[in-house]
Amino acid sequence: MAGKPPASDPVQDAPEVSAPQHSAVGLPALTHALRISQQQMGVRRTALTLLRVNQQDGFDCPGCAWPEPDKPHTAEFCENGAKAVAEEATLRRVTPDFFAAHSVADLADRSGYWLGQQGRLTHPMYLAEGADHYVPVSWERAFDLVGEELTALDSPDEAVFYTSGRTSNEAAFLYQLFAREFGTNNLPDCSNMCHESSGSALTETLGIGKGSVLLEDLYQADLIIVAGQNPGTNHPRMLTALEKAKAGGAKIISINPLPEAGLERFKNPQTPRGLAGGGTALTDLFLQVRLGGDQALFRALNRLILNTDGALDEDFIRAHTHGFEEFAQAARADDDGDETLAATGLTREEIGRAGEMVLASRRTIVCWAMGLTQHKHSVPTIREVVNFLLLRGNIGRPGAGVCPVRGHSNVQGDRTMGIFERPAPAFLDALEREFGFAPPREHGLDVVRAIRALRDGQAKVFFAMGGNFVSATPDTDVTEAAMRRARLTVHVSTKLNRSHVITGARALILPTLGRTERDVRRGPDGKSAEQFVTVEDSMGMVHASRGRLEPASSHLLSETAIVARLARRVLGERSRTPWEEFAQDYAAIRDRIAQVVPGFEDFNTKVARPGGFALPHAPRDSRSFPTATGKANFTAAPVEYPAVPEGRLLLQTLRSHDQYNTTIYGLSDRYRGIKNGRRVVLVHPDDARERGLADGAYADLVSEWTDGSERRAAGFRVVHYPTARGCAAAYYPETNVLIPLDHTADTSNTPAAKSVVIRLESARGD
Ligand code: SF4
C-alpha cells in the first residue's frame, strides 16, 4: 500500500554525517529506488510503471536527458529515474480540500521537500487578488483570467513565457508559436541556467550548440574526460556507458573539485559483479581541480600538445579549422608559471600524467555539465575544451567529440523547437512562411533579465510551463519580491512547489498530465485517439514517449491542450493557426514542425521507427562547420579564473543525491555520507581548522561582492570534506540567496553558481 505524505515538515534540519562512499549504485540503489517507489505508488503500480520507463513502447524518464541504448534493458532506469517517476506516478493527491485546509501563507512556510511530497495536483486552482486560499476554477474561467490579463497589457513584451525542460516537443513548439503570435520573444527557459554557456561556445566554434557524440561513440573512445559533472547522481545510466567503454579499453580522466563516488567505482546492479562483487573502477586519473580552474587546465594541456612533436592533427587543422596560428601563438606565449598552475589547484606531475594519457589517445571525448557552465568565464572555458579537441582532430569521427550532458529530459528538444529568447532569423522566417504571421524580431528576455523586468515592473504577467522558477533561480529574496510584483503568475504543473506560493497579485495553478500518463484526445467527431509526444535527448536522438497510466485526475489537461486552448482564447479569430486541430491530433503538430525545424523532415514517419532518429549534426556527420568562418574556430583568449581574497573560500552550489534540480526526493546525500539534513557546507578540513571551525560546528555563509554588498545564508553544519583546498560546496536552492542576479557568465548570462566568494562566520556561538 502506498504511504501517506509526511504530515509535518521535518522540524529540525539535523544532518548526521559519516565518511563519503567510494562506489556508487549497487544493491543500495536498487533497494532505495524500490522503497521510495513503493512509498509513493504501492507495489503493483511500482512494477507496472518502472518496467515501462525508457522502453520503446513506453514513456521517457522525466529525469535527465541521458539517451537510451538501441536495445533497452528490461529495467532501463536508474535510482534517480525511479524517484522521478515515482514522484509523478504517486498515488498522493493535492485536491481542492488540501488548499481549503492550507492557506498560501501556511504553505509558504513549508519546505520544498514537504510541498513536493503532498502529491499530484488534481484541479485548476485560482488565487484571487487579496485572497489567502486557492479555490477551484473551471478551465474556461482560467483561460479567461489569463486572457484578460494578457490582452490588458500595453505591450506583449510585458509578458514572460518560461519553460522548464520537461515540456514535450509538441507542447514546446505550440508554446513558442503562441508567444510569438501574441507578439513576444520573452521565452526564457531552464537552459539559460544550465547549458547556455555550452550553447554559446559551441555555436561560435563548431556552428551548432549541441553535443557531437552518440552513445555508440562513447563505446569507441579510448579516452573519456568527465569534467565538472557528477554522473553518479545526475546522469546515473551514464555509468553503464562508462563501464562499457572501460571494457572496450578506454581510459577515464575525471576533473572535479569533489571526489565523487560515481566516478570512482560503479557497481552495476544489472551484473552479478555489480550486485555482489566489487563493481568496476572507472576513473584512471582524478584531477581535483580548483573551482573555475578548468580553462587553465585545458590551456596547460593544449600547450603541452602544441609543444609535442607530431601531436597535432595537421591535416584536420589545415582542412577544417580557422584561427590556429593565432591560438597557438597565444597559448605558447602564455605564462605556464606558478600562477596558472595555482589556478588549477593541481601539480605539474598531475597535469603531466594527464598529458601522457591525452597524447596516447586517438579518440577523445570530453563530457561536461554545470561544473564548467556556471562560472563567469564558462564560455571561454568551453571554447578552450573545443581548442583541445580540434588540435588532435577529435571532432567528426567515431569515438571523439564534445558531450555536454543535459540535465532535464527535453531541455535540448525545447530549444530545438524554438524556445529561445534569441531565435535565429532563419527560424522566424520559416515560422512566418508556415503560419502566415510576422513573428517579433527583437530579442526577448532570458531568465535573469526576466527577473529584472518583473522586479522593475516592466513585466506584469509570468507564465511557466512546468518547473519551479523561484527555487531554481538566483538571488532568492530579489526573485521572490519580483514575482510578488506581477499582476498574474500562472504555473502549468504536475506537483506542488514553492513557485505556487510565491505569487503575483493573482495566481493560477493549471494541473497537467505527466509523462507517465495516457493522453487520450476526443475529436470533434467524438472519436478518441491516444496521443504520444516526442523528446530529444542529450545526444540529439528524437524518440516517442507514450504514457501508460491512467491520469491522476479527470480534470487534467495535457500541456499541448492547455497551450492550444489558451492561444485560441487570447488570440481569438485573428489567428489562422489551427489550434483546435493541434489540441486533438499531435501528428498534425509534427507535420508543421517538419516544415519549420531543420532535421525534422518526414517527422511522423521517422519517429515511428523503434528508438526514433538522430538529428543531423554537420560537424559530426561531415566535418562541416556552419560557423561565421565556415570552419571550426580556434579561440585565442586569455586564461581566466576566479580571484579569491585572502581568508575567503570559493563556494559551488550543487545537488544532493536525493535531489533532481529543485525537486527534493529526500533529505540525504548517501554517497557524500550526509543523512537527514540539507543545511550543510562541505569544507576542506584544513580550511575549516584555519577558521576555527570543527566538524559539526555551525556557520553562516556570507557572500561578498565587489559593490560592497553581502548576502547571508544562516545556520549550516560544517562538514570536514575532502574537497579541493579553498573550495566549499553546499546545496541549492538553500544557497541561491547568496548569488546576486548580476553574478552571471559572460556572453551566456548563466548564473555563475559554481564560483561564489564567501566567508564562514561561526554561528550558534560555536
Ligand atoms: S539516467 Fe537520467 S534519464 Fe536515465 S533513468 Fe536515470 S534519471 Fe532517468
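Scroll up a little and you will see the structure.
Please read these numbers as outputs of a predicted model, since none were measured by experiment.

Quick look at the site of the ligand
(1) Moving on: Around the ligand, the structure places Asn54, Cys61, Cys64, Phe77, Cys78, Gly81, His235, Pro236 and Arg237.
(2) Moving on: Tallied by class, residues from the shell around the ligand come to 5 nonpolar, 3 polar and 1 charged.
(3) Moving on: In this structure, the shell around the ligand is formed jointly by two domains, domain 1 (24-88) and domain 3 (196-268 + 279-405), each of which donates at least three residues.

Digging into the side chain of histidine 657
(1) Moving on: Tracing the sequence through the fold places histidine 657 in the loop between β25 (649-654) and β26 (659-660).
(2) Moving on: You can call histidine 657 buried: its relative accessible area is 1%.
(3) Moving on: Of note is the side chain of histidine 657, whose polar atom sits 2.6 Å from the side chain of threonine 233.
(4) Moving on: Those residues in contact with histidine 657 that lie beyond four places of it in its chain are Glu79, Asn80, Lys83, Gly232, Thr233, Ser668, Asp669, Arg670 and Tyr671.

A look at the sheet that holds strand β17 (residues 488-493)
(1) Moving on: Pairing is mixed in the open sheet, where 6 strands are placed in the order β6-β5-β18-β17-β16-β7. Single-partner strands in this sheet number two, and they are β6 (135-136) and β7 (159-163).
(2) Moving on: In this sheet, strand β18 (residues 506-511) lies alongside strand β5 (residues 125-127) in antiparallel orientation, the contact comprising 3 bridges. Looking across to β18, one finds that tyrosine 126 is bridged to leucine 508.
(3) Moving on: Each of β5, β7, β16 (461-465), β17 and β18 is contacted by helix α7 (residues 139-151), which is oriented at about 135 degrees to β18, the strand it contacts most.

Here we look at the sheet that holds strand β33 (residues 756-762)
(1) Moving on: If you trace the 6 strands once around the closed barrel, you get β25-β32-β29-β31-β30-β33, paired in mixed fashion. Going across the sheet, the axis of each strand differs from the next one's by a mean of 45 degrees, ignoring polarity.

Examining the nonpolar core
(1) Moving on: Formed by 63 residues in total, the largest nonpolar core has its most connected members in Leu150, Phe161, Phe173 and Phe178.
(2) Moving on: Per element, the largest residue contribution to this core is 8 residues, and it comes from helix α8 (residues 169-182).
(3) Moving on: Excluding its chain neighbours within four sequence positions, the residues that come into contact with leucine 150 are Ala159, Phe161, Phe178, Phe182, Val461 and Val570.
(4) Moving on: Residues Ile255, Leu301, Ile351 and Val385 belong to the second largest nonpolar core, which totals 47 residues.

Let's talk about the packing of α8 against helix α29 (residues 586-596)
(1) Moving on: The geometry of α8 relative to α29 is characterised by a closest axis approach of 10 Å and an angle of 65 degrees between their N-to-C directions. The orientation of α8 with respect to α29, classified from their angle, is roughly perpendicular. α8 and α29 meet at a crossing whose hand is left-handed. Contacts between α8 and α29 pair Asn169, Glu170, Phe173 and Leu174 from the former with Tyr586, Ile589, Arg590, Arg592, Ile593 and Val596 from the latter.
(2) Moving on: Among the residues forming the contact of α8 with α29, the class breakdown is 6 nonpolar, 1 polar and 3 charged.

Criteria and thresholds
- Residues numbered from 1 in each chain as written.
- Predicted model: local features only at pLDDT ≥ 70, side-chain atom pairs only at ≥ 80, totals over all residues.
- Heavy atoms only, no water.
- Near = heavy atom within 4 Å.
- Nonpolar A, V, L, I, M, F, W, Y, C, P; charged D, E, K, R; others polar.
- Domains from an automatic or database assignment.
- Helix = DSSP H or I, 4+ residues; strand = E, 2+ residues; numbered from the N terminus.
- Buried < 20%, exposed > 50% of the residue type's maximum accessible area, 1.4 Å probe, protein only.
- Polar contact = N/O pair within 3.5 Å; in protein donor to acceptor, adjacent residues only side chain to side chain.
- Contact = heavy atoms within 4.5 Å.
- Pairing = 2+ DSSP bridges.
- Axes fitted to C-alpha atoms, helices over the stretch in contact; angles between N-to-C directions.
- Core = buried A, V, L, I, M, F, W, Y, C linked by side-chain atoms within 4.5 Å.
- Parallel < 35°, antiparallel > 145°, perpendicular 65-115°, else oblique.
- Left-handed = near helix turned anticlockwise from the far one by under 90°.

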